[in-house]
Amino acid sequence: MGGDSIGDYELEHQHGKARVRVARVWREGNTHVMVEWSAAVSLRSKSLSSYSEGDNSAIVATDTIKNTIYVLAKRCAKSLSVEEFGVMLGEHFVSTYPEVTAAHISMIQRPWERVSVDGLQHEHGYRMGLENRTADVRTTKDGKSRVTAGVSDLRLLKTTKSGFEGYIRDKFTLLPETKERMMASSIRSVWSYSRKPSDYNEVYATVKNILETTFFGPSKGGVYSPSVQKTLYLMAKEVLIRVPEIESVYLNMPNIHFLPVNMPAIGVEFKDDVYLPTDEPHGSIEATLSRKALGGSRL
Ligand SMILES: O=c1[nH]c(=O)c2[nH]c(=O)[nH]c2[nH]1
């Protein structure tokens, strides 16, 4: 991106406000739509003099940036996706201030989910789910935005249909090969759009569903996984097959270990039944799958 020249140095700089929390309710008759977001805005701007001279005349105050998030949330007359709100923020900052050359908006949506009571969707009742939804928008001075969306803390586990064999064995290797183990992960995924889909919310639900169903396989029988790596690849590939607007998918899948409990000295033999759950250390497996025609990963 390049920075500003200052004497013998080059200074790359950006400023903004992070962790601005806002909840927005849209009252559509008796049905209310509610979201909770945490926004981080980071602006690139021609404000070198603030660093070099203490002259703040080209600075958009971070307090103003924070206020803008609330003002724009209020201005949205209709409910919109977290991606669309990010684009709206990015466009606002680059078009309002001549000094601002680019904006980076990073959004997290908390998992408030509409509840059902007696099998009916509640008009205004929500409960907190588990995984967070993310959106990242980079807007350039010409008003163009690149959007990525994602999910984090998606915790999945299956009790069988997982194994790990055929890896390098050397004098440091202790791990026994297995065709039977638990597989668990806390998944973070980010996918980038080559073009705007007709409905970001729908794509989010679709991608989450693809990730889950590919991880688990069919309800009866599941699907065998020879490694977290293979499952990760199949999950990412299925997203690219099913969602044409997505050009690349990043997946971070820690392998969260459930260790067999074996205590022969006191007569406890592991029979795929008692495990020691762990958080750390965990395997760390990540990859980005991109469509070839569009070049490599841009995440
Ligand atoms: O699915 C796995 N991938 C690995 O790379 C690995 N390494 C390891 O010790 N266990 C596993 N499991």
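Residues numbered from 1 in each chain as written. Predicted model: local features only at pLDDT ≥ 70, side-chain atom pairs only at ≥ 80, totals over all residues. Heavy atoms only, no water.

Participant: Give me the side chain of His92: which residues, what numbers.
Facilitator: Examined against the element boundaries, His92 turns out to sit in helix α3 (residues 82-96). For His92, the contacting residues outside a window of four places in its chain are Thr68 and Leu72. (Helix = DSSP H or I, 4+ residues; strand = E, 2+ residues; numbered from the N terminus. Contact = heavy atoms within 4.5 Å.)

Participant: I'd like a description of the UniProt feature "binding site: 5-hydroxyisourate" (unreviewed entry) in the chain, backed by residues and values.
Facilitator: Those places that UniProt annotates as "binding site: 5-hydroxyisourate" (unreviewed entry) correspond, in this numbering, to Thr62, Asp63, Phe164 and Arg181. These annotated residues cover 120 residues of sequence, and their C-alpha atoms reach 52.1 Å apart at the extremes, leaving them scattered rather than at a single site. In this fold, Phe164 is placed in the loop between β9 (145-158) and β10 (183-193). Those residues in contact with Phe164 that lie beyond four places of it in its chain are Leu175, Glu177, Thr178, Arg181, Tyr224, Pro226 and Ser227. Tracing the sequence through the fold places Arg181 in the loop between β9 and β10. Overall, Arg181 belongs to the buried group, its relative accessible area being 17%. Sequence-distant contacts of Arg181, defined by excluding residues within four places in its chain, comprise Thr159, Thr160, Ser162, Gly163, Phe164, Ser227, Val228 and Asn255. (UniProt positions renumbered as here; feature names shortened; annotations may be inferred. Buried < 20%, exposed > 50% of the residue type's maximum accessible area, 1.4 Å probe, protein only.)

Participant: Can you explain the sheet that holds strand β11 (residues 246-252)? Please cite residues and give values.
Facilitator: Reading across from one edge, β3-β4-β5-β8-β9-β10-β11-β14 is the order of the eight strands in this open sheet, with antiparallel pairing throughout. With one partner strand each, in any of the chains shown, β3 (15-28) and β14 (286-290) form the two edges of the open sheet. When the angles between neighbouring strand axes are averaged without regard to direction, this sheet yields 20°. In the packing of helix α4 (residues 200-216) onto the sheet, contacts are made with β8 (132-140), β9, β10 and β11, and the angle to β9 comes to roughly 35°. (Pairing = 2+ DSSP bridges. Axes fitted to C-alpha atoms, helices over the stretch in contact; angles between N-to-C directions.)

Participant: Account for the nonpolar core, naming residues and giving values.
Facilitator: With 57 residues, the main nonpolar core has Trp37, Phe85, Leu89, Met107, Trp191 and Ile246 as its most contacted residues. Setting aside residues up to four positions removed in sequence, Trp37 forms contacts with Val20, Arg21, Val22, Trp26, Leu80, Ser81, Val82, Phe85, Met107, Ile108 and Gln109. (Core = buried A, V, L, I, M, F, W, Y, C linked by side-chain atoms within 4.5 Å.)

Participant: Outline the packing of aromatic side chains, supporting the account with residue identities and numerical values.
Facilitator: The full count for this structure, using the stated rule, is eight aromatic pairs. With a centroid separation of 5.1 Å and 85° between ring planes, the pair formed by Tyr193 and Tyr200 is classed as edge-to-face. Accessibility classification places Tyr193 together with Tyr200 in one group, the buried group. Taken together, the aromatic side chains of Trp26, Trp37 and Phe85 make up a single cluster linked through ring pairs. One Lys or Arg, Lys171, reaches over the ring of Phe172 and ends 5.3 Å from the middle of that ring. (Phe/Tyr/Trp six-rings, centres within 6.5 Å; stacked < 30°, edge-to-face > 60°. Lys NZ or Arg CZ within 6 Å of the ring centre and 35° of its normal.)

Participant: Can you explain the UniProt feature "binding site: O2" (unreviewed entry) in the chain? Please cite residues and give values.
Facilitator: Annotation from UniProt places "binding site: O2" (unreviewed entry) at Thr62. With respect to the helices, strands and loops of the structure, Thr62 is situated in helix α2 (residues 62-75). Contact partners of Thr62, with chain neighbours within four places excluded, come to His15, Gly16 and Lys17. A polar atom in the side chain of Thr62 sits 2.9 Å from the side chain of Lys17. (Polar contact = N/O pair within 3.5 Å; in protein donor to acceptor, adjacent residues only side chain to side chain.)

Participant: If you had to explain the pairing of β9 to someone new, which residues and values would you point to?
Facilitator: Across eight bridges, β8 lies against β9 in antiparallel orientation. Bridging across to β9, Asp136 finds its partner in Thr148. The hairpin turn running from β8 into β9, its antiparallel successor, is four residues long, and Gly143 in that turn takes a positive phi close to 90°. By the bridge criterion, nine bridges tie β9 to β10 in an arrangement that is antiparallel. Of the residues in β10, the one forming a bridge with Arg155 is Ser186.

Participant: How would you summarise the site of the ligand if you had to cite specific residues and measurements?
Facilitator: All residues in the neighbourhood of the ligand are listed as Phe164, Leu175, Arg181, Ser227, Val228, Gln229, Asn255 and Ile285. Take Gln229: an N or O atom from its side chain is 2.9 Å from a nitrogen atom of the ligand. Between the ligand and the protein, one listed contact pairs a nitrogen atom with a side-chain N or O atom of Asn255 at 3.3 Å. If the ligand stood free it would expose 300 Å²; the protein chains cover 72% of that surface. (Near = heavy atom within 4 Å. Areas by Shrake-Rupley, 256 points an atom, 1.4 Å probe, with all protein chains shown as cover.)

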